[in-house]
Amino acid sequence: MKKKKHIFFTININFQEDVVVSRQRARQIAELFRFSPQEQTKIATAVSEITRNVVLYAGSGKAEFFVDTIGSQNFLIIRVTDNGPGIEKLEKIMRGDYYSKRGMGTGISGSKKLMDYFEIETKPGRGTTVTMGKKLPPVFVPLDEEFEKISKRLRELGPVNPFDEIKMQNLELMKLLEEMSEKNRELEDTNRAISSLYAEVNDKAGELERANRLTMEFISYVSHEIRTPLSSIIMLSKSLLNNFPEQKGFGQIANEVVKKIGLIRKSAEELLELANGLLDLTRIEAGKLEVVPVIFDIEELFSTLRGLLKPIAGNKKVELIFEKKGHIPRLYTDLNKLSQILRNLLSNALKFTPEGKVTVTAGYGGGKVIFTVTDTGKGIRKEDQNEIFKEYFRRNTPKDRGHPAPGGSHALSEGQGLGLPISRKLARLLGGELKLESSVLGKGSSFQLILPVKFTGLKRERI
Amino acid sequence: MEHIPILKMGEYLLVSIQVDMHDQLAITLQNDLAEKIAKTGAKGVLIDISALDIVDSFIGRMLGNIASISKVLGAETVLVGMQPAVAITLVELGLSLKGMHTALNVEKGMQLLSRLTGKDQDYTSRKQ
């Protein structure tokens, strides 16, 4: 049955109300094709039966209305399709002795009786297609203009009732809602994933913190334990050195021994310094370091430092200069810690300045003292400038690498990589800041320490 | 929710179906009528379907159910005003609405109800 098909109308079937719409449409269309009122009712009733089955058993489907030629006759065809579970007891149903719970069990068999043409295709799980037709009445002239007129008329009729439109809108809203809830679900999933990730990160952070604390405790313990034997070594070597020069006459051998004991002592001192530095670091990390502020004059500080460092500077061809710029009020802060910071800065400056001068200036402004330590030494490479405040970082000038300085000097002579980080932490503990002001490779560096004149314990920041 | 109005007139209930009912509406009508009969103790129900172009198997079954339920509740049901085309279609469909009283129009339906309920109340004319 194929020739030309004019699909006039399609109705989507999803709800009970669509059954009503379908049968009313069917009746209108039948009327337009000039079927008699009896035939109109029959067609509409058949459509009602078949579309109801769609709603009942498949949930959704559609009804198409078109004209087709079967044999030499023109038929009004209504094809109702769905994607439902199909019909199982088709033969029984067709015979009309099937009892349905909802209908009269006469839907399909009855519809067949009402129509001139009836065909049903169904496969379990594959849906059902019912094609039924009624011969067009002889009064209808099957011309293109007629079809055109009917199509136009159908378009004009518009929806059978406002329900159609509301339903359409509802469907769209439902679809939107579905999409929204889909998105919502996705978001929820993402959220859950993020939460669990967050929890994991938190766990890891906790672990790291524990590990860090353990490390610090370990370092603290070891450094503390090392200090006692080191002190013994230093004391013993000192006493050996003090006694040796008196026993001259050993000549060459004695000189050699004195030199070696000196090296032992120097190494021990450096080790002790390292142990002290580590201990300081762990104390600061643990927040155990207490600030003990005292009132003092900057001159006192300078003279102490001068006394401490003059010998080191004296050994080299380095000039150590202390300078006070303008009036500086008396300081109220932890003298020991300030002195430790400046000592670190100065010993660094002296260490990296083979010859030239190291200058310490102190200035005052805005309630703050500014110490600047400038040297004319090696300077710091640009790529290292950000690293020098990190623990255990050691300056590695190209010259040093692989070429230990003469005189048995070892890596420790370059510092333990703790001085600057400790100094910065101490500076922050005192409410101030320590930074590298400038450094030019080969020309020297300049560090700046800014401290409040008056230490206010309340403003103590976490370091 | 939509309802088909049910009017009480003396001992009778009148239902005039003016809209093409979807299935749920037909079920609602069946339930409403059962409630109303029980509540009012009506002796008869008159259902006018003159406005219906289409009565398919489901609506046919619902009408049959209404008649059966009414009977059990002590009321007679008369269906009136069925269009000839509907009647033909119902018969072809294989539904004969057995056990249901029918009448051509409301007037005849009321007479039938009076007869059925044994009270010869004549709402139209006593001359006959």
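Just so we're clear, the structure is a prediction, and the values are computed from it rather than from any experiment.

(A) Examining the interface of chain B and chain A more closely. Between chain B and chain A, the residue contacts involve 21 residues of the former and 26 residues of the latter. Here chain B and chain A share an interface that buries about 2,200 Å² over both sides, 53% of which is from carbon and sulfur atoms. Our enumeration of links across chain B and chain A arrives at six salt bridges. Between chain B and chain A we count eleven residue pairs in polar contact (both at pLDDT 80 or more) in total. Of all the elements in the fold, those that place two or more residues in the side of chain B that touches chain A are α1 (23-40), α2 (57-72) and α3 (84-93) of chain B. Of the residues forming the side of chain B that touches chain A, the biggest block, six residues, is contributed by α3(B).

(B) Summary view of the sheet that holds strand β4 (residues 76-80) of chain B. All names here are of chain B. Read across the open sheet, the five strands follow the order β1-β2-β3-β4-β5; overall the sheet is mixed. A strand with exactly one partner marks an edge of an open sheet, and here the two such strands are β1 (6-9) and β5 (101-103). For this sheet the average axis-to-axis angle between neighbouring strands, irrespective of direction, equals 25 degrees. Relative to strand β2 (residues 12-16), β1 is paired through four bridges, and the arrangement is antiparallel. The partner of L7 across the bridge, within β2, is L14. Relative to β2, α1 is tilted by about 160 degrees, and along the sheet it contacts β1, β2 and β3 (44-48).

(C) The packing of helix α8 (residues 298-315) of chain A against helix α9 (residues 335-351) of chain A, seen in detail. All names here are of chain A. It is the contact of α8 with α9, at a shortest axis distance of 11 Å, that shows an interaxial angle of 30 degrees. The pairing of α8 with α9 is recorded here as roughly parallel in orientation. Regarding α8 and α9, the two cross each other, and that crossing is right-handed. From α8, L301, L305, L308, L309, I312 and A313 reach across to α9, where they touch L335, L338, S339, L342, R343, L346 and L350.

(D) Fine view of the confidence of the model for chain B. Looking at chain B, pLDDT values average 88 and 92% of them are 70 or higher. Across the interface, the model reports ipTM at 0.83; the global pTM reads 0.48.

(E) Quick look at the environment of A:I120. Positionally, A:I120 belongs in strand β4 (residues 117-123). Taking the C-alpha atoms as reference points, A:I120 and A:T131, eleven residues apart in sequence, are found 6.3 Å from one another.

(F) Just the sheet that holds strand β9 (residues 355-365) of chain A, in detail. All names here are of chain A. Pairing within the open sheet is mixed, and its five strands lie in the order β7-β9-β10-β12-β11. The sheet is open, and its two borders are formed by β7 (317-324) and β11 (433-440), each paired with just one other strand. Strand after strand, the sheet turns through a mean of 15 degrees between neighbouring axes, direction not considered. Alignment of β11 against strand β12 (residues 444-452), held across seven bridges, turns out to be antiparallel.

(G) Expanded view of the confidence of the model for chain A. With 85% of its residues at a pLDDT of 70 or more, chain A has an overall mean of 81. Mean pLDDT in chain A bottoms out at helix α3 (residues 90-95) of chain A, which sits at 69, and peaks at strand β5 (residues 127-135) of chain A, which reaches 91.

(H) Main features of the packing of helix α2 (residues 37-58) of chain A against helix α4 (residues 107-114) of chain A. All names here are of chain A. In contact at an axis separation of 9 Å, α2 and α4 are set at 155 degrees when each is read in the N-to-C sense. Considering the angle they form, α2 stands roughly antiparallel to α4. α2 and α4 meet at a crossing whose hand is left-handed. Between α2 and α4, the residues in contact are K42, T45, A46, E49, I50 and N53 and G107, I108, S111 and L114, respectively.

(I) View of helix α1 (residues 16-32) of chain A. Residues and elements named next belong to chain A. Its 17 residues give α1 an end-to-end C-alpha distance of 25 Å, which sits within 8% of 24 Å, the value for a rise of 1.5 Å per residue. Along α1, the residues that are buried comprise D18, V19, V20, V21, S22, R23, R25, A26, I29 and A30. Phi turns positive one or two residues past the end of α1, at R34, with a value near 60 degrees.

(J) Spotlight on the pattern of salt bridges. A full pass over the atoms with the stated rule returns 20 salt bridges over all chains. Ionic pairing is found between B:D23 and A:R52, a salt bridge with its closest N-O pair at 2.5 Å. Residue B:D23 is found in helix α1, and its partner A:R52 is found in helix α2; the two belong to separate chains. Grouping residues by exposure puts B:D23 and A:R52 together as buried. Among the salt bridges present, the one from A:D116 reaches A:K134, with a minimum N-O distance of 3.9 Å.

(K) Looking closely at the pairing of strand β2 (residues 61-70) of chain A. Residues and elements named next belong to chain A. β2 sits mainly inside the fold: eight of its ten residues count as buried. Two elements, β2 and strand β3 (residues 73-82), share ten bridges in a ladder whose sense is antiparallel. Note on β3: the bridge partner recorded for D68 is F75.

(L) Molecular detail of a nonpolar patch on the surface. Residues and elements named next belong to chain A. Nonpolar side chains collect at one region of the surface, where L173, L176 and M180 lie side by side and expose about 320 Å² of accessible area between them. With respect to the helices and strands, the residue M180 is situated in helix α6 (residues 162-243). M180 sits in the exposed class, given a relative accessible area of 55%.

(M) Main features of the packing of aromatic side chains. All names here are of chain A. Taken as a whole, this structure holds seven aromatic pairs over all chains when the rule is applied. One aromatic cluster is present, formed by F33, F140 and F147 through successive ring pairs. R424 extends its terminal NZ or CZ atom over the ring of F389, reaching a point 3.7 Å from the ring centre.

(N) Region of the structure containing the nonpolar core. Judged by nonpolar contacts, the single largest core of 68 residues is most densely connected at A:F33, B:I17 and B:I47. Of all hydrophobic cores here, the second largest spans 49 residues; its members include A:I341, A:V369, A:I388 and A:L436.

(O) The arrangement of α3(B) in detail. The set of residues buried in α3(B) consists of B:A85, B:V86, B:T89, B:L90 and B:L93. What you see down the axis of α3(B) is that its buried residues fit within an arc of 130 degrees, all on one side. Projecting away from the buried face of α3(B) at angles above 90 degrees are the exposed residues B:P84 and B:V91. If you follow the buried residues of α3(B), they end up packed against α2 and α4 of chain A together with α2 of chain B. A positive phi of about 100 degrees marks B:G94, the residue just after α3(B).

Parameters at a glance
- For every chain, the first residue of the written sequence is number 1, and numbering continues from 1 along that sequence.
- Chain letters and ligand numbers both follow the written order, the letters beginning at A and the numbers at 1.
- Predicted model: local features are reported for residues with pLDDT of at least 70 only, side-chain atom pairs are reported and counted for 80 or more only, and whole-chain, interface and lining totals are derived from all residues.
- Heavy atoms throughout the structure, all of them, feed into the side-chain values; hydrogens and water do not.
- In what follows, residue pairs with any heavy atoms lying within 4.5 Å of each other are defined as contacts.
- Buried area: the accessible surface (1.4 Å probe) lost by two parts on joining, summed over both.
- Here, a salt bridge means any Lys or Arg side-chain nitrogen found within 4 Å of an Asp or Glu carboxyl oxygen.
- Polar contacts here mean pairs of N or O atoms no more than 3.5 Å apart (in protein, one a potential hydrogen donor and the other a potential acceptor; neighbouring residues in sequence count only if both atoms are side-chain atoms).
- Runs of H or I in DSSP of at least four residues are treated as helices and runs of E of at least two as strands, each being numbered from the N terminus.
- Strands qualify as paired when DSSP identifies two bridges or more between them.
- Simply put, an axis is a line fit to the C-alpha atoms, just over the touching stretch for a helix, and the angle between two N-to-C directions goes from 0 to 180 degrees.
- Put simply, angles under 35 degrees are roughly parallel, angles over 145 are roughly antiparallel, angles from 65 to 115 are roughly perpendicular, and the rest are oblique.
- By definition, any crossing whose near helix is turned counterclockwise from its far helix by less than a right angle is left-handed, and any crossing with a clockwise turn is right-handed.
- Residue-level confidence of the predictor is summarised by pLDDT, bounded by 0 at the bottom and 100 at the top.
- Helices are assigned an expected span. That span is 1.5 Å times one less than the residue count.
- Each residue is placed in one exposure class: buried if its accessible area under a 1.4 Å probe, protein chains only, is under 20% of its type's maximum, exposed if it is over 50%, and partly exposed if it falls in between.
- Patches draw on residues past 30% relative accessible area with no salt bridge. Two like charges within 9 Å are joined, as are two nonpolar side chains (Val, Leu, Ile, Met, Phe, Trp, Tyr) within 5 Å.
- In these tables, accessible area is a Shrake-Rupley quantity obtained with a 1.4 Å probe, and a residue counts as shielded only by the protein chains included in the view.
- Pairing of aromatic side chains here covers Phe, Tyr and the six-membered ring of Trp, requires ring centres within 6.5 Å, and sorts the geometry by plane angle: under 30 degrees stacked, over 60 edge-to-face, intermediate tilted.
- The criterion is that NZ of a Lys, or CZ of an Arg, lies within 6 Å of the ring centre and within 35 degrees of the ring normal, and then a charge sits over that ring.
- Take the buried residues of types Ala, Val, Leu, Ile, Met, Phe, Trp, Tyr and Cys, join any two whose side-chain atoms come within 4.5 Å, and each joined set is a nonpolar core.
- In this description, the arc belongs to the directions extending from the helix axis to the C-beta atoms.

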